[in-house]
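# Reading the structure
Now for the letters of each chain:
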Amino acid sequence: MVNRPHGGRLVNRVVKGRRKEALLEEALEIPRISISYERVIDLLDIAHGAFSPLEGFLVQEDYLHVLHDMRLHDDTPWTIPIILDVDPDEIVGLKEGDDIALFYDDKPIALMKIEEVYGWDKKIHSQLVYKTTDVNHPGVAKTMERKELLIGGRIDLLNDPPNRFSDIVLWPIETRVLFREKGWRTIAAFQTRNVPHRGHEYVQKAALTFTDGLLIHPLLGWKKKGDYKDEVIIRAYKALIEHYYPKNVVVLTGLMMNMHYAGPREAIHHAIVRKNFGATHFIVGRDHAGVGNYYGPYEAWELFNEFPDLGITPLFIREAFYCRKCGGMVTEKTCPHTDQDRLKISGTRIRAMLRKGEIPPEHMMRPEVAKVIIEFENPFVE
Amino acid sequence: MSEKIKIEISKEVYEKAVKLAEEAGFPSVEALIEFLIEEASESTEGEEISKEDEEKIKERLRDLGYI
Ligand SMILES: [Zn+2]
């Protein structure tokens with residue numbers, strides 16, 4: 001059966017109909033705070049239930065519990081603090097209990113009740129969430145740029161801002177209906193920010209051997225320079241699915257969610273979010289959500305041991321490569337041969353070849369997938 | 001994140017639960033019990049969706065080619 005939402009109830013803070021009209025009017029009259037696009041994405045994830053059981057940005061008690069115990073104050077597992085930062089001068093005259101309107105691009109996006117305003121220590125935050133205070137870490141860099149105070153409180157989403165991916169984004173209630181409609185009882189979710197190579201295909205199919213369905217769930221939205229563009233990832237996956245997956249075992253849909261590069265903590269977060277989408281299993285790969293050399297390659301796997309109550313089953317699948325002697329895709333666990341017979345799949349090499357318009361060798365990437373990618377004038381984020 | 005209530009269970013079961021929670025790494029007996037009960041519940045529980053909304057969702061899924 002489709003998995004239960006995290007915390008037991010799928011949150012829905014999307015305001016509709018007449019109430020929406022009334023609240024939109026109210027939004028124009030009450031104090032407003034402008035928020036970044038990244039906070040808009042957080043708002044969408046909260047309101048549409050991807051972050052269930054969160055109903056808003058964390059209040060201090062939950063924030064501290066998440067920071068130190070990786071759980072909300074009621075012990076529900078939660079590893080990444082979802083917080084709204086403000087400058088003191090943005091909230092002059094406001095007090096706890098007041099309603100504010102959150103604006104993006106001069107448009108009201110949501111209402112929020114200020115339950116609490118509190119300070120935070122960005123160094124402690126970085127050390128606990130990212131295990132480093134090194135500003136070369138992209139998550140730490142972002143943290144250091146954030147404002148001095150945090151406000152916690154429930155939100156009500158009034159507007160989904162225009163989104164060029166609306167045709168490929170499904171929210172949890174939609175994937176839940178979809179999985180039930182398909183009759184899937186077990187669903188393995190796959191997190192990605194990449195175009196698929198043979199190693200990805202291998203781990204997905206390894207999972208699919210045991211589950212009814214596979215949810216391929218690329219993160220859309222914020223990307224860093226040199227990443228594959230969102231539309232390239234989607235098109236590449238469509239080609240892979242068309243040519244190499246049976247009909248009706250895969251759902252490809254984009255997820256609007258911020259990336260933190262918090263390694264092990266973020267792996268747990270990714271699993272929780274996919275549970276809300278109805279997945280029963282979550283594929284955790286090598287150096288999941290990692291960056292640079294900040295985390296051990298399989299450190300994320302160990303952290304799952306601390307969450308027996310996560311409510312979604314992690315599938316730990318090692319990095320795959322091609323072995324000439326075995327004659328196929330294998331992992332360290334399934335192949336006894338040495339590096340002489342093994343052809344590693346190098347993301348860096350694939351990238352370099354695609355950049356030159358070349359098709360990588362077939363043991364690294366399916367030619368149909370490569371072809372779609374090199375058809376783009378520039379498949380990478382500038 | 002929801003409201004909490006108290007329940008009574010036999011001392012033997014409670015002691016078993018304490019031991020089990022500790023061994024399995026649950027932070028508390030409450031977390032263990034909530035987890036087990038949730039595991040045993042039906043999957044549509046926890047979703048608040050009207051028949052009408054469900055039809056709208058199915059229509060969108062059809063339009064997008066998912067079903
Ligand atoms: Zn081999």
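What counts as what
- Residue positions are counted from 1 within each chain, in the order its sequence is given.
- Note on labels: chains are lettered from A, ligands numbered from 1, in written order.
- Whole-chain, interface and lining totals are the exception, using all residues; otherwise, since this is a predicted model, local features are given only for residues with pLDDT of at least 70 and side-chain atom pairs are given and counted only at 80 or more.
- With hydrogens and water set aside, each side-chain value is computed from the structure's full complement of heavy atoms.
- Contact between two residues is taken to exist if any of their heavy atoms lie within 4.5 Å; hydrogens are not considered.
- Using a 1.4 Å probe, buried area is obtained as the accessible area two parts lose upon being combined, added over both of them.
- When a carboxyl oxygen of Asp or Glu is within 4 Å of a side-chain nitrogen of Lys or Arg, the pair counts as a salt bridge.
- Labels follow the DSSP assignment, with helices taken as runs of H or I lasting at least four residues and strands as runs of E lasting at least two, numbered in each case from the N terminus.
- Here's how the labels work: a residue is buried when its accessible area is under 20% of the maximum for its type, exposed when over 50%, partly exposed in between, all with a 1.4 Å probe on protein chains only.
- What we call a nonpolar core is a set of buried Ala, Val, Leu, Ile, Met, Phe, Trp, Tyr and Cys residues that are connected through their side-chain atoms within 4.5 Å.
- A 2.8 Å cut-off from the metal defines N, O and S donors, relaxed to 3.2 Å for Na, K and Ca; water is not in the atom list, so some sites may appear incomplete.
- Irregular is the default label, applied whenever a site is not tetrahedral (four donors, all angles between 85 and 135 degrees) and neither square planar nor octahedral (four or six donors, opposite donors over 155 degrees apart, all other angles between 65 and 115).
- Pairs of strands are assigned from DSSP output, requiring at least two bridges between the strands.
- Between the N-to-C directions of two axes lies an angle of 0 to 180 degrees, each axis being a line fitted to C-alpha atoms and, for a helix, fitted only over the stretch in contact.
- The quantity known as pLDDT measures the predictor's confidence residue by residue, on a range of 0 to 100.
- Angle categories: roughly parallel below 35 degrees, roughly antiparallel above 145, roughly perpendicular from 65 to 115, and oblique for all the rest.
- Crossing chirality is assigned from the near helix's rotation relative to the far helix, an anticlockwise turn below a right angle marking it left-handed and a clockwise turn marking it right-handed.
- Each residue receives one of three labels: charged for Asp, Glu, Lys and Arg, nonpolar for Ala, Val, Leu, Ile, Met, Phe, Trp, Tyr, Cys and Pro, and polar for the others, Gly being one of them.

### Examining the interface of chain A and chain B
- On the side of chain B, 29 residues touch chain A, which itself brings 36 residues to the contact.
- When chain A packs against chain B, the two sides together hide about 2,800 Å² of surface, and 56% of this comes from carbon and sulfur.
- When the buried area of chain A at its contact with chain B is split by residue, Arg-4, Val-177 and Pro-308 of chain A rank highest and sum to 20% of it.
- For the pair chain A and chain B, the interface holds two salt bridges.
- Note that Lys-58 of chain B is salt-bridged to Glu-181 of chain A, the shortest N-O span being 3.4 Å.

### What to know about the pattern of salt bridges
- Counted under the stated rule, the structure contains 27 salt bridges over all chains.
- Across the pair Glu-174 of chain A and Arg-60 of chain B runs a salt bridge whose closest N-O atoms are separated by 2.7 Å. Linking Glu-174 of chain A in helix α6 (residues 172-182) with Arg-60 of chain B in helix α3 (residues 51-63), this pair reaches from one chain into another.
- We classify Glu-174 of chain A as buried; its relative accessible area is 10%.
- Judged by its relative accessible area of 26%, Arg-60 of chain B is partly exposed.
- The residue Lys-325 of chain A makes a salt bridge to Asp-341 of chain A at a minimum N-O spacing of 3.4 Å. One end of the pair, Lys-325 of chain A, is in the loop between β14 (320-323) and β15 (328-331); the other, Asp-341 of chain A, is in the loop between β15 and β16 (342-343), and 16 residues separate them in sequence.
- Note on Asp-341 of chain A: relative accessible area 15%, which makes it buried.
- Salt bridges sharing common partners tie together Arg-9, Glu-55 and Arg-154 of chain A.

### Thoughts on the nonpolar core
Residues and elements named next belong to chain A.
- Ranked by internal contacts, the top residues of the largest apolar core, which has 117 residues, are Leu-43, Phe-57, Leu-102, Leu-214, Tyr-228 and Ile-373.
- Considering every element that reaches this core, the biggest residue donor is helix α8 (residues 230-244), with seven residues.
- Formed by eight residues, the second largest nonpolar core is a distinct cluster that contains Ala-27, Phe-103, Leu-111 and Leu-158.

### What to know about the coordination of the zinc ion
Residue and element names in this part refer to chain A.
- Protein coordination of the zinc ion is provided by Cys-323 (SG), Cys-326 (SG), Cys-335 (SG) and His-337 (ND1), with donor distances spanning 2.1 to 2.3 Å.
- Here the zinc ion is ringed by four donor atoms whose angles at the metal span 101 to 117 degrees, and the overall shape comes out tetrahedral.
- A residue is classified by how much of its surface remains accessible, and Cys-335, at 5% relative accessible area, is buried.

### Looking at the sheet that holds β14 of chain A
All names here are of chain A.
- The sheet built from three strands is open, its strands ordered β15-β14-β16 with antiparallel pairing. Looking along the sheet, the strands with just one partner apiece sit at the ends: β15 and β16.
- With two bridges connecting them, β14 and β16 associate as antiparallel partners. By the bridge assignment for β16, Tyr-322 is matched with Leu-343.
- Helix-sheet contacts for helix α7 (residues 198-208) involve β14 and β15, and the interaxial angle to β15 is about 70 degrees.

### So, the confidence of the model for chain B
Residues and elements named next belong to chain B.
- Scored by pLDDT, chain B comes out at a mean of 84, with 87% of its residues at no less than 70.
- Mean pLDDT in chain B bottoms out at helix α2 (residues 29-40), which sits at 80, and peaks at α3, which reaches 95.
- Complex prediction metrics read pTM 0.91 and ipTM 0.90.

### Focus: unusual backbone geometry
Residues and elements named next belong to chain A.
- The omega torsion of the bond from Ser-52 to Pro-53 falls at 10 degrees, within 30 degrees of zero and hence cis.
- Its place among the elements puts Pro-53 in the loop between α2 (37-47) and β2 (56-57).
- At Asn-248, a position not held by glycine, the phi torsion is positive, near 65 degrees.
- By relative accessible area, which is 57% here, Asn-248 ends up exposed.
- Backbone geometry places Asp-287, a non-glycine residue, at a positive phi of 45 degrees.
- By the secondary structure assignment, Asp-287 is in the loop between β12 (281-284) and α10 (299-303).
- A relative accessible area of 21% places Asp-287 in the partly exposed class.

### Concerning the packing of helix α4 (residues 122-130) of chain A against helix α5 (residues 138-145) of chain A
Residue and element names in this part refer to chain A.
- Where α4 contacts α5, the axes come no closer than 10 Å and their chain directions differ by 155 degrees. In terms of axis orientation, α4 runs roughly antiparallel to α5. As α4 packs across α5, the resulting crossing turns out to be right-handed. Contacts between α4 and α5 involve Lys-122, Lys-123, His-125, Ser-126 and Tyr-130 from the former and Gly-139, Val-140, Thr-143, Met-144 and Glu-145 from the latter.
- Classifying every residue of the contact of α4 with α5 by side-chain character gives three nonpolar, four polar and three charged.

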